[in-house]
Amino acid sequence: MITLKQDADGFIRMSRHYPAGVRIRIEFTDGSAGEFSGRTLNEAYDAALAEFRAGNNLDAKGYDRTPAARKASGNRIDFVPVHPGLGE
């Protein structure tokens, strides 16, 4: 089992997908804890990534399709918002 802690802003550090069957325990800042499957956290990660891409005018693959000079894509996130009752 993997244990993660929520930071003061309501996020956990998650830079990759976890295996779908693994159990992950999250300790929330309010003192409660919850146990989630890797699949649930992967869905939260995907939703946060889609929101990031939409907010930064990137396409579904994370590329800026405007004809401008090349630059780093910044196509990843490291923090995912979580809350008690996630995925219910």
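Further up the page is the structure itself.
Source: prediction; values computed, not measured.

Our focus in this paragraph is the pattern of salt bridges. Pairing of side chains with opposite charge becomes possible as their charged atoms draw close. For the structure shown, the criterion picks out three salt bridges. Here glutamate 35 and arginine 23 are joined by a salt bridge, their closest N and O atoms 3.1 Å apart. Taken together, the positions of glutamate 35 in strand E4 (residues 33-37) and arginine 23 in strand E3 (residues 23-27) put the pair 12 residues apart, joining distant regions of the chain. Here arginine 23 falls in the partly exposed class, since its relative accessible area comes to 35%. Across the pair glutamate 27 and arginine 25 runs a salt bridge whose closest N-O atoms are separated by 3.9 Å. With a relative accessible area of 35%, arginine 25 lands in the partly exposed category.

The subject of this paragraph is the sheet that holds E3. If you trace the three strands from one edge of the open sheet to the other, you get E1-E3-E4, paired in mixed fashion. Strand pairing shows two members of the sheet lacking a second neighbour, strand E1 (2-5) and E4, which therefore form its edges. Strand-to-strand, the axes of this sheet are offset by a mean angle of 25 degrees, without reference to chain direction. Looking at chain direction, E1 and E3 are connected through four bridges and run parallel.

About the cut-offs
Residues numbered from 1 in each chain as written. Predicted model: local features only at pLDDT ≥ 70, side-chain atom pairs only at ≥ 80, totals over all residues. Heavy atoms only, no water. Salt bridge = Lys/Arg side-chain N within 4 Å of Asp/Glu carboxyl O. Helix = DSSP H or I, 4+ residues; strand = E, 2+ residues; numbered from the N terminus. Buried < 20%, exposed > 50% of the residue type's maximum accessible area, 1.4 Å probe, protein only. Pairing = 2+ DSSP bridges. Axes fitted to C-alpha atoms, helices over the stretch in contact; angles between N-to-C directions.

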